[in-house]
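So the chains spell out like this:
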Amino acid sequence: MSPPIDHSLLDPPRLPFEPLLQRNAVITEQPWVRWLLTTAALAFLMVFLLLPLVSVFTEALRGGFKLYWESLKTPDALAAIRLTLTVAAIAVPLNLVFGVAAAWAVTKFEFRGKLFLITLIDLPFSVSPVVSGLIYVLMFGAQGWFGPWLAAHDIHIIFAVPGIVLATMFVTFPFIARELIPLMQEQGTDDEQAALSLGANGWQAFWHVTVPNIKWGLLYGVLLCNARAMGEFGAVSVVSGHIRGETNTMPLHVEILYNEYNFVAAFAVASLLAGLALITLALKSLLEARHGAELSASHRH
Amino acid sequence: MPPTKHPSPSRSPIPGFGLTLGYTMIYLSLIVLVPLAGVFVKAAGLGLDGLWPILGSPRVLSALKLSFGTALIAAAINLVFGMLVAWVFVRYEFPGKRLFDATIDLPFALPTAVAGIALTALYAGNGWVGQFLEPLGIKVAFAPLGIVVALTFIGLPFVVRTVEPVLRDAEKELEEAAASLGATRWQTVRRVVFPAILPALLTGFALAFARGVGEYGSVIFIAGNLPHVSEIAPLLIVIKLEEYGYAGATAVAAAMLVISFALLLVINALQAWTNRYRTQRHVEPALPHPVLQGAGA
């Protein structure tokens, strides 16, 4: 052990490092209190968060690997996986373009009603998923505003793939904008102004200056947006019609299998979604650890 | 917000104001605003005479009561344990901290249908947890208690992630001052630390509550869904819709939307309170809540 350093004698005088403050005896608890609180917190996390996760995989493998594999290879399960990937592949890029446009408008300019606009962008987060689905049924369903017109032109939105895409777009609407707005707010407009003053046009400034500045934040937003898009249940369940092999996404397929008491198959499909969640969490932690400085302040550790 | 740099967007040297704002407004209107307004137009079309019999019916009332009651209890549980978890993760070091920290966000990332069937399997009479509770006469799965368990799972990260940054930024010098003036550790925590994190705690509580009221996927598997007993309001909307009771579904949805928007105002006010406290102390203001997000509700 090196002797303690008197930081005030250093030139220039320095405050003690943060860890020293953290171990300062007067502002922490007795060891037994610390131990008790830590144990209680970790026990709560294990019972309430980790146990459900573990049970997904054990239930899925209850009948062995062969049965697990067989349940994933059924045509209905494969169709559900394909549909989930398709829906995410449409909804996420659309919300990506919107998120970038909204963040550009909100952070590079000053205008009246900006805070109100941000609140409106956030609205889908506070709407119940079931209501998020219902609003499209009221618009495009058989008895909806546009129902008769759509029926006359043989266009199917509700109980078809377009409805699922719309509902998914609604519930994942704010994710990317929400991630980019605080980040671009912090970055300001100096970099873009410098590029413009050096003769770049608007697009060049965007592609060569803004995009490199926000790329990690963008990826972070896309990651969360995608996780929600692939996992959405309530909103999609209302508009899908649950047609096997056609309008069944993975979460909906889990429900159908579960309600048929086909538990192994239900948990097998669920385990794929749980795997997606784990990958999302791992990438998210990695981004926070590696590129924390290039994410919005709320995600820095 | 930084001070206004450009008095008028048209005089800003940065291009693209019209394009990006125009696109934002059109996309926002088409996907969010017009469909949401549709619910209110449809509900208004029913008139008060049409709305009251639906909203006042015993089944709807007990569903709303159940949704609010269970969300309130779950948010209260998360208030206590969320604060405990945030405290332990900010103040203490222990092995595996990083890994545990990542799992706190699990409810945001795990699709709710998956959470629903997993919790049901755990708390059913023959499940890992249920087999110990059943002999004690505690029935969790297929009972209102199961709804509380599901909503506790869903709501935990809201409290933890709202309290953590405030707790991290809290000035330790204040605690040292309290200690040097003779306060016991418990007095310092109660009188100095707790008031500082109270606004954030309440914000997290409100966020968890708001999420719980509308939650569907994780609840319907574990609830049992008996009318008047364990049938939540969002499920009632689905049932009415399946019976082609569009009017009924719209009425319940409009009621839930009004309540959600009221909650949103409360949350915004609480966040403003949190930020005011933080800016007073020269800390970067917490931006409007970053993680009102979740996978597959």
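Look above for the structure.
Every value quoted in this text rests on a predicted model; they were computed, and no experiment measured them. Just so you know, the residues in each chain are numbered from 1, in the order the chain's sequence is written. Starting at A for chains and at 1 for ligands, labels are handed out in the order in which the entities are written. The predicted origin of the model limits local features to residues at a pLDDT of at least 70 and limits the giving and counting of side-chain atom pairs to 80 or more, whereas totals for whole chains, interfaces and linings rest on all residues. Computation of side-chain values covers all heavy atoms of the structure but excludes hydrogens and water.

S.K.: Would you mind going over the overall build of chain B with me for this structure?
M.R.: In terms of helices and strands, chain B carries 12 helices and 0 strands. Listed N to C, the secondary structure of chain B is α-α-α-α-α-α-α-α-α-α-α-α in terms of helices and strands. Evaluated residue by residue, chain B yields a buried proportion of 57% over its 297 residues. Split by element, the accessible area of chain B, about 12200 Å² in all, is 70% carbon and sulfur. Only DSSP runs of H or I covering at least 4 residues are called helices, and only runs of E covering at least 2 are called strands; the numbering of each starts at the N terminus. Think of it in three bands: with a 1.4 Å probe and only protein chains considered, a residue is buried below 20% of the maximum accessible area for its type, exposed above 50%, and partly exposed in between. Throughout, the Shrake-Rupley method with a 1.4 Å probe supplies accessible areas, and for residues the shown protein chains are the sole cover considered.

S.K.: Is there a simple way to explain the interface of chain B and chain A in this structure?
M.R.: Accessible area lost during the coming together of the parts is what is often quoted as the interface size. Taken together, the 107 residues of chain B in the interface contact 106 residues of chain A. Both sides together, the interface formed by chain B and chain A hides about 9500 Å², and carbon and sulfur atoms give 76% of it. When a carboxyl oxygen of Asp or Glu is within 4 Å of a side-chain nitrogen of Lys or Arg, the pair counts as a salt bridge. Taken together, the connections running from chain B to chain A amount to 2 salt bridges. A salt bridge links Arg185(B) to Glu29(A); the shortest N-O distance between them is 2.7 Å. For the purposes of these results, a polar contact is taken to be a pair of N or O atoms within 3.5 Å, where, inside protein, one atom must be able to donate a hydrogen and its partner to accept one; residues adjacent in sequence count only when each atom of the pair is a side-chain atom. At the junction of chain B with chain A, the criterion picks out 9 residue pairs in polar contact (both at pLDDT 80 or more). Looking at which element gives the most residues to the side of chain B that touches chain A, the answer is helix H1 (residues 17-55) of chain B, with 18 residues. Residue composition of the side of chain B that touches chain A, by class: 74 nonpolar, 21 polar and 12 charged. Residue contacts follow a heavy-atom distance rule, with two residues in contact if any of their heavy atoms lie within 4.5 Å. Put simply, buried area is how much 1.4 Å-probe accessible surface two parts lose in total, over both of them, once they are put together. Residues are grouped as follows: Ala, Val, Leu, Ile, Met, Phe, Trp, Tyr, Cys and Pro are nonpolar; Asp, Glu, Lys and Arg are charged; every other residue, Gly included, is polar.

S.K.: I tried to follow unusual backbone geometry on my own but got confused; where do I start?
M.R.: For residues that are not glycine, phi is negative in most cases, and the peptide bond is trans in most cases. Residues and elements named next belong to chain B. The backbone of Asn225 shows a phi angle near 55°, a positive value even though the residue is not glycine. Along the chain, Asn225 turns up in the loop between helix H10 (217-223) and helix H11 (233-242). Despite not being glycine, His228 has its phi angle at roughly 75°, a positive value.

S.K.: Is there a simple way to think about the pattern of salt bridges in this case?
M.R.: A side chain of one charge can pair with a side chain of the opposite charge if their charged atoms are brought near each other. Considering all chains together, one arrives at 18 salt bridges over all chains under this definition. Among the ionic pairs, Arg62(A) bridges to Glu59(A), the shortest N-O distance being 3.4 Å. Salt-bridge contacts for Arg244(A) lead to Asp76(A); the nearest nitrogen and oxygen are separated by 2.9 Å. With Arg244(A) in the loop between helix H12 (234-240) and helix H13 (250-259) and Asp76(A) in helix H4 (residues 75-108), this residue pair connects regions lying 168 residues apart in the sequence. Because the salt bridges share partners, they merge into one network encompassing Lys284(A), Glu288(A), Asp101(B), Asp105(B), Arg161(B) and Glu164(B).

S.K.: Is there a simple way to think about the packing of helix H6 (residues 129-140) of chain A against H1(B) in this case?
M.R.: Look at H6(A) against H1(B): their axes get within 9 Å of each other, and the N-to-C directions meet at 75°. When the axis of H6(A) is compared with that of H1(B), the two are roughly perpendicular. From H6(A), Ile135(A), Tyr136(A), Leu138(A) and Met139(A) reach across to H1(B), where they touch Ile31(B), Val34(B), Pro35(B), Leu36(B), Val39(B) and Lys42(B). The residue makeup of the contact of H6(A) with H1(B), split by class, is 9 nonpolar, no polar and 1 charged. For helices, the axis comes from a line fit to the C-alpha atoms of the stretch in contact; other axes are also lines fit to C-alpha atoms, and the angle between any two N-to-C directions lies between 0 and 180 degrees. Under this scheme an angle from 65 to 115 degrees is roughly perpendicular, one under 35 degrees roughly parallel, and one over 145 degrees roughly antiparallel; angles in between are oblique.

S.K.: So what exactly am I meant to see when it comes to the packing of aromatic side chains here?
M.R.: For any pair of aromatic rings, the description rests on two quantities: the centre-to-centre distance and the angle between the ring planes. Stacked, tilted and edge-to-face pairs are distinguished by plane angle, under 30 degrees for stacked and over 60 for edge-to-face with tilted covering the rest, among Phe, Tyr and Trp rings (Trp via its six-membered ring) whose centres lie within 6.5 Å. The tally for this structure, following the rule as stated, stands at 23 aromatic pairs over all chains. Taking the centre distance of 6.0 Å and the plane angle of 85° together, the rings of Tyr261(A) and Phe263(A) count as edge-to-face. Taking the relative accessible area as the measure of exposure, Tyr261(A) reaches 66% and is therefore exposed. Through pairs of rings, three or more aromatic residues link up here, namely Phe233(A), Tyr258(A), Tyr261(A), Phe263(A), Tyr216(B) and Phe221(B). Here, over-ring charges are defined by two tests on the NZ atom of lysine or the CZ atom of arginine: distance to the ring centre within 6 Å, and angle to the ring normal within 35 degrees. The lysine or arginine in question, Lys114(A), covers the ring of Phe111(A), its NZ or CZ lying 6.0 Å from the ring centre. Positioned over the ring face of Trp87(B) is Arg91(B), at 4.9 Å from the centre of the ring.

S.K.: I keep staring at the environment of Trp104(A) and nothing clicks. Help me out?
M.R.: Mapped onto the fold, Trp104(A) is located in helix H4. The class of Trp104(A) is buried, set by a relative accessible area of 6%. Discounting residues that sit within four places of it in the chain, Trp104(A) has contacts with Phe109(A), Met184(A), Glu192(A), Phe206(A), Thr210(A), Ile14(B), Pro15(B), Gly16(B) and Thr20(B).

S.K.: Could you clarify how one ought to interpret the packing of H13(A) against helix H14 (residues 263-291) of chain A in this entry?
M.R.: When two helices pack together, you describe them by how their axes are tilted relative to each other and by the distance separating the axes. Residues and elements named next belong to chain A. Two numbers describe how H13 lies on H14: the axes approach to 8 Å, and their chain directions differ by 160°. On the basis of their axis angle, the class for H13 and H14 is roughly antiparallel. For the pair H13 and H14, the crossing hand works out as left-handed. Packed against H13, whose contacting residues are Met250, Pro251, His253, Val254, Leu257 and Tyr258, the element H14 presents Phe263, Ala265, Ala266, Phe267, Val269, Ala270, Leu272 and Leu273 at the interface. Residue composition of the contact of H13 with H14, by class: 13 nonpolar, 1 polar and no charged. Here a crossing is called left-handed whenever its near helix is offset anticlockwise from the far helix by less than a right angle, and right-handed whenever the offset is clockwise.

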